[in-house]
Amino acid sequence: MQPETNEAQNEVSRLVDELVSAAKDRWYSATMFAKVPAAVAILKSDPQTQLSVVMETIHRVSALRDTLGKPKKSPEFDARYLNLHHEKGFPNGATVLMPQLLRRKLPWTEDTLVDAIDQTARLELVSIWNLPYVPSLVKLAEKWIKEHGLSAALRQCLDRLRTALEPIGNAAEQRLAREIVKLCEDVPNVYLAVGEAWSDAALADLGTMDAKRRAAWNALLVHCQAGGKGKFTEKWRKSAVPLIDAVSFDSLKETLLRWFPLVDKPRTHTQKRRNEWEPDFNNLIIDPHVELLRGLVWCCGLREDGDLARALARLALSAYRKVPGKGPRLVSLGNACITALGMMPGKAPIGQLALLKVKVKFGTAQREIEKAFNAAAQREGLPRDEIEELAVPSYGLEEVGAYREQFGDYRAELLVDGSSAAIHWSKDGKPLKSVPAEVRKELAEEYKELQATLKDINAMLPAQRERMDSLFLAQRSWPLALWRERYLDHPLIGTIARRLIWTFTANKKTSAGIWWNDGLVDAADKPLRVAEDAAVTLWHPIGHSVDAILAWREWLERHEVVQPFKQAHREVYVLTDAERSTEVYSNRFAAHILRQHQFNALCLARGWKNKLRLMVDDTYPPAHRMLPQWNLRAEFWIEGIGENYGTDTNEAGVFLYLTTDQVRFYPIEAAQLHAHAGGGGYTDRWNPTGNDDPVRLEQIPPLVFSEIMRDVDLFVGVASVGNDPNWSDGGPGGAYREYWQSYSFGELSATAQTRRALLERLIPRLKIADRCTLAERFLIVRGSIRTYKIHLGSGNILMEPNDQYLCIVPKQTVSGTGKVYLPFEGDGMLSIILSKAFLLADDQKITDSTITSQLRR
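Conventions we followed
Residues numbered from 1 in each chain as written. Predicted model: local features only at pLDDT ≥ 70, side-chain atom pairs only at ≥ 80, totals over all residues. Heavy atoms only, no water. Helix = DSSP H or I, 4+ residues; strand = E, 2+ residues; numbered from the N terminus. Buried < 20%, exposed > 50% of the residue type's maximum accessible area, 1.4 Å probe, protein only. Contact = heavy atoms within 4.5 Å. Areas by Shrake-Rupley, 256 points an atom, 1.4 Å probe, with all protein chains shown as cover. Lys, Arg positive; Asp, Glu negative; His and termini not counted. Charge placed at Lys NZ, Arg CZ, Asp CG, Glu CD. Core = buried A, V, L, I, M, F, W, Y, C linked by side-chain atoms within 4.5 Å. Pairing = 2+ DSSP bridges. Axes fitted to C-alpha atoms, helices over the stretch in contact; angles between N-to-C directions. Phe/Tyr/Trp six-rings, centres within 6.5 Å; stacked < 30°, edge-to-face > 60°. Lys NZ or Arg CZ within 6 Å of the ring centre and 35° of its normal. Expected span 1.5 Å × (residues − 1).

Asker: Mind laying out the overall build of the protein chain, listing which residues take part and the relevant values?
Answerer: Broken down by element type, the protein chain carries 33 helices and 24 strands. Considered along the principal axes of its C-alpha atoms, the protein chain spans approximately 110 × 65 × 65 Å. In the protein chain, which comprises 857 residues, the proportion classed as buried is 53%. When contacts within the protein chain are restricted to residue pairs at least 6 apart in sequence, long-range pairs at least 24 apart make up 69% of them. If you sum the accessible surface of the protein chain, you get close to 39,300 Å²; carbon and sulfur atoms cover 51% of it. Considering the protein chain, the positive charge centre built from 110 side chains and the negative charge centre built from 109 side chains are found 1 Å apart.

Right under this line is the structure:
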């Protein structure tokens, strides 16, 4: 740039000052601002003056760096740089005009261009929101490089600008940073930005490598980033194999086992949300990083490796975790993890898929998991319905539920009881209360491996319990030898299977038995001899006499065996006269008010498909469960409640509450009825393929009917607003007061009746037995201040003598119930009822003022 006279420079400063002054009182668009007198004068001036205005504006922006100081990695300081237009001295108005000036043909020299870029990059934190001219400046640099080449000075200042753009989590800045990378590279380089825990670690690792090793890693990462933009293909795989060999698979594995856990960590350069609807960027990963991670994830699926399979499952859980304002964090990355597990050879990844099937309830993820299971079954040459049970790992357990390892003078015993696993330490046969310090210090790696095994087992157990609970409807049967291998004697599954009752059929004779003291016994504790050609199925109470069911319940209580889920105490639902009368539908669970999000979560957990109802002009099918083994589809009809957006819905328009209607069964391929979001019931009006008749309830197999009704009872029993003590006023506007009262203290459901039957046997064993009596619908507890009636369905409480309502939310109850034996896991309401009973039996010791104020009212 040619030297300017003081007069010319003063004129430039005056014009910029006028632009700044014009923008003080209002915000102009670029088009509107071009009509401001000072802007008109600048646009009509000669190119040299226009270039001087550009440089004057950029230097004024750069001067703010001295005022504000170095940007720090905290939301408070970053916010100042992200909102520069609010800072005193910011040339507001001039920056609006800049993109238009930069598109003109001005007398640029390389020194002037380098100065413009360098002064902008000097801020160290550049937001396009504040500095809209930056993309035009980069475009100018691109044109310059095409005409004059890339000098070292220009490369250096562009790299500084890229570094200043990268910490901003927005897509525009990230896209511009990638464009700068392309401008500056001779050989393609992977795009890695600072600001994320995993990318910081990756950059640090690359920085410590020698040139040859770094080049090999760069080639692999570039391939991963390019491929991660699309779908996995065979062509991509073939190109990836030699690149993985160049860095070595062991090096890749060791590196990714360090990087992947860091993906779950918040950004190292944090950023404030501007409002509650904006996604929380601190929990997100920028797009080019997601693309790179997807490619790296696919690399993991090319060879069998148990450690990488576990790492992929944990990364998938992190990717599907929900964040405010967005939903699941990184759906495409989670899907890539499932794809990699599906194509990884061997059985190790199948166990991790089983874990994800239980833990991830996101609909898209469930579909991807099913695809991965099908792919794994085809690859391993196994039937789809067997692939999950065959792939359960033993985790090194030497026998059912036990693993022992010597750590110097100390002995570690990992024991699994079917509910959870724990490590017990001893020395010379004497138990220790904690992990020996010598083990932590001198055998840290071995101890770390043991802890990892414990963590994996505790993650896998609930997944396998849920899988086995679903066997009732799966119609699975095994030859005796196969059942022993996969269930009874499996080191991990055996801890669950040995607490269940099984049915053995041979020569048209059927018997039931359970494992006890190294052998199978019947309900009378007599040894059970099973023919070698027997077929084995999971015992279900449907079709058995009351005496047979009670015999098994007594056996469990006699031996204090805790079943992993309800089996002997499982609720049985049979057709009622009312259901025979209606013929094709059941109203047993109609007219309830449910919390929609909780209902939706329960549907996903129990294998039902459901869509959240929104207050929009749209239609929805019923919640339904496919039963392919029975060629049936079960439906539960529901509709959203309310008319007021924001009151009856959340901010996204999702109905907060649902009302329930019929339960129906259809042939699996039958057309579905739909209901409009605004109500009006289910009809074929919205279904162009017409209507199919439902199946008569009397034609539904008793086991299927019972299990489906049990699911629906669970939905109502857990998600009903009648369970909520805080709803005693009837909820918003008191609209549901009558429903809450009838549900909270009304007739018992089948689940509650089972609860009552168990309490009848359990109460005499409690230390508060002399203060408890059991009525038809209530557990009555006599305290010192009042007498209390705890409803066996809702857990809500009335106080005698006037049936005054007592509000105690579950978190206010105590854990001082002692060790109370329960014959099954999973009934949270039973635990709440017992906890409330122990609390109220000793009501004189209650100190919580929110409770005591009600007791003495």
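Okay, back to it.
Asker: With reference to specific residues and values, describe helix α14 (residues 249–259).
Answerer: Among the residues of α14, those classed as buried are F249, S251, L252, K253, T255, L256 and W259. Summarising the contacts, the buried residues of α14 are in contact with α11 (197–208), α12 (211–227), α13 (234–247), α15 (287–300) and α16 (306–320).

Asker: So what's going on with the nonpolar core? Residues and values would help.
Answerer: By size, the foremost hydrophobic cluster in this structure holds 61 residues, and its most contacted members are L252 and F260. In terms of residue count, the dominant contributor to this core is α16 (nine residues). Leave out the neighbours within four places in its chain, and L252 touches W217, L220, I244, V247, L296 and C299. If you look at the next biggest cluster of nonpolar residues, it comprises 57 residues, including L101, A121, Y191 and I286.

Asker: For the sheet that holds strand β23 (residues 797–800), give the residues involved together with the corresponding values.
Answerer: Here we have five strands laid out as an open sheet, ordered β20-β21-β22-β23-β24, and antiparallel in their pairing. This sheet does not close on itself; its edge strands, each paired only once, are β20 (772–774) and β24 (804–806). Across the sheet, the mean angle from the axis of one strand to that of its neighbour is 30°, orientation sign disregarded. Of the strand pairs in this sheet, β23 and β24 are connected by three bridges, and their pairing is antiparallel. Looking at β24, one finds that L798 is bridged to Y805.

Asker: Give a detailed account of the packing of aromatic side chains, specifying residues and quantitative values.
Answerer: For the structure shown, the criterion picks out 25 aromatic pairs. For the ring pair F745 and F778, a centre distance of 6.3 Å and an interplane angle of 25° mean the geometry is stacked. Linking F745 in helix α30 (residues 737–745) with F778 in strand β21 (residues 778–782), this pair joins segments that are 33 residues apart in sequence. Each of the two residues, F745 as well as F778, counts as buried. Through a chain of ring-to-ring contacts, the aromatic side chains of W478, W483, Y487, W502 and F504 assemble into a single cluster. One Lys or Arg, K789, reaches over the ring of F778 and ends 5.0 Å from the middle of that ring.

Asker: Could you give me a rundown of helix α19 (residues 363–380), with the residues and numbers involved?
Answerer: Since there are 3.6 residues in each turn of an α-helix, residues three or four apart along the chain are aligned in direction. Under the 1.5 Å per step criterion, the end-to-end length of α19 is 26 Å for 18 residues, consistent within 8% with the ideal 26 Å. Inspection of α19 places A365, E368, I369, A372, F373, A376 and A377 among the buried residues, and these make up the whole buried set. The secondary structure elements touched by the buried residues of α19 are α16, α17 (331–343), α18 (348–359) and α20 (384–390). Directly after α19, the chain includes G381, whose backbone phi takes a positive value near 70°.

Asker: Outline unusual backbone geometry, listing residues and values.
Answerer: A cis amide bond, omega 15°, links E800 with the succeeding residue P801. Relative to the elements of secondary structure, P801 occurs in the loop between β23 and β24. Of note, D525 is a non-glycine position whose phi angle comes to about 70°, a positive value. With respect to the secondary-structure elements, D525 resides in the loop between β10 (520–521) and β11 (535–538). For D525, a relative accessible area of 29% gives the class partly exposed. Even without being glycine, A591 reaches a positive phi, approximately 65°. Note that A591 resides in the loop between β12 (585–586) and β13 (593–595).

Asker: Tell me what's going on with the sheet that holds strand β3 (residues 402–407), and back it up with residues and numbers.
Answerer: In spatial order, the strands read β3-β4-β5-β6; together these four strands make up an open sheet with antiparallel pairing. Strands at the two margins of the open sheet, each flanked by one partner only, are β3 and β6 (430–432). Strand-to-strand, the axes of this sheet are offset by a mean angle of 30°, without reference to chain direction. Two elements, strand β5 (residues 421–427) and β6, share three bridges in a ladder whose sense is antiparallel. In the sheet register, W425 faces β6, and the bridge partner there is L432.

Asker: Describe the environment of R685, naming the residues involved and giving the relevant values.
Answerer: Relative to the elements of secondary structure, R685 occurs in the loop between β19 (682–683) and α29 (702–719). Sequence-wise, R685 and L51 are 634 residues apart; in three dimensions their C-alpha atoms are separated by 67 Å.

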